[in-house]
Amino acid sequence: MTIKWRSLFSMYSISLISTLVVGSVFLVTGIVKALAPQTFIIHITKLQLFSQKVNLAVAIAFTILECVLGIALILQLFPQWLFPGTIVLLLILSALTYWSTSTKRTNDCGCYNGLINISPNQSLLLNILYTALIGLAWFYPVADILTVSQQVSALLISLAISCLGTGVSYLYLWKKEKPLLDLSLLKVDRLWQPKWIEEYADSLTTGDKLVVFLMPGCQMCQSWIKVLKIVHKRPDLPDVVAGVARTPEEIQEFVQLYNINFPVVAMNPFVMSRFAEAFPTGVLLENGIIREKWLGVMPLAFVQRIKPNLSVAEVAKS
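Quick summary incoming for the structure in this document. (Residues numbered from 1 in each chain as written. Predicted model: local features only at pLDDT ≥ 70, side-chain atom pairs only at ≥ 80, totals over all residues. Heavy atoms only, no water.)

**Some words on the overall build of the protein chain**
Scanning the protein chain from terminus to terminus reveals 11 helices and five strands. Projected onto its principal axes, the C-alpha coordinates of the protein chain cover approximately 85 × 40 × 35 Å. Counting the 318 residues in the protein chain, one finds 41% classified as buried. At a minimum sequence separation of 6, the contacts of the protein chain that also span at least 24 residues come to 72%. (Helix = DSSP H or I, 4+ residues; strand = E, 2+ residues; numbered from the N terminus. Buried < 20%, exposed > 50% of the residue type's maximum accessible area, 1.4 Å probe, protein only. Contact = heavy atoms within 4.5 Å.)

Put into structure tokens, the structure is as follows:
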């Protein structure tokens, strides 16, 4: 009898711990996506799988799904459907990560929304681990924790809470034009870390500097370059330093192609993804402190300062 109870307890522990671990991951990442939706929306947009209008709906739907799935795994709601469904979803997400990173559409899986800093290979390994844990729970089934009616109620309540929370967060983003949670490294009034661009570690912590993150082939980046070249040569404006996720050889070609007169630093694509939520991204530094952060659009007030040096078309683009 003792051996039998130990065996049952062992099976129950394996099943419960496995789903608790994976469910907690899904729930936490879903909550982070809900609180900081901008990052996830940008990631969805980079995949180029949907139209611009559909991207927002996809981001909202997946965020809700992730939160509900996390709660369902923790409570083991309808395990006969939940376990195989979760494994299929993990396989699809793994394939999507491999495809998007290998085609250079994205630099990471987007699963953790900037909460943790991992490479695509690490993400795939974690997905294998999650799949194995769910497989264990499926292989060692236990009696339902809740009755059928309780499972239905828990599922509906989790769906309602997820929809409400996600909706409030997106409404806040729309009204305030900023997320409830900012996970970006580049925050206004934050100290610039010299290690972020080691080649210019000392110079970026003194005086006024404009650090920009560009992507070759980006049309808006090309418009910015015309402005930045003027900014860099004007003594009354900040010095410019740019980061580009390319090899040193490709950087040299990029500089020559656009006749760039400011320093351009080669950055690792994965590291770049931690700084640039969109392209171009710019931060205005004052004695090593981030005073302004620009995403995609250069402030009109700043462009006006160099307007005499620009044509009408260039001012409009900038």
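Picking up after the structure, the text goes on.
**Considering the packing of helix α4 (residues 79–102) against helix α5 (residues 120–139)**
Put simply, α4 and α5 touch, their axes get as near as 9 Å, and they point 170° apart. Between α4 and α5, the interaxial angle falls into the category roughly antiparallel. Between α4, through Phe83, Pro84, Thr86, Ile87, Leu90, Leu93, Ser94, Thr97 and Thr101, and α5, the contact on the second element is made entirely by Pro120, Leu124, Asn127, Tyr130, Thr131, Ile134, Gly135, Ala137 and Trp138. For the contact of α4 with α5, the residue count by class is 11 nonpolar, seven polar and no charged. (Axes fitted to C-alpha atoms, helices over the stretch in contact; angles between N-to-C directions. Parallel < 35°, antiparallel > 145°, perpendicular 65-115°, else oblique. Nonpolar A, V, L, I, M, F, W, Y, C, P; charged D, E, K, R; others polar.)

**So, the sheet that holds strand β3 (residues 264–266)**
Across the sheet, which stays open at both edges, the five strands sit in the order β3-β2-β1-β4-β5 with mixed pairing between neighbours. Each edge of the open sheet carries a strand with a single partner, namely β3 and β5 (289–295). In this sheet, neighbouring strand axes are inclined to one another by 20° on average, regardless of whether the strands run parallel or antiparallel. Relative to β3, strand β2 (residues 239–244) is paired through three bridges, and the arrangement is parallel. For Gly243, the partnering residue across the bridge sits in β3 and is Val265. (Pairing = 2+ DSSP bridges.)

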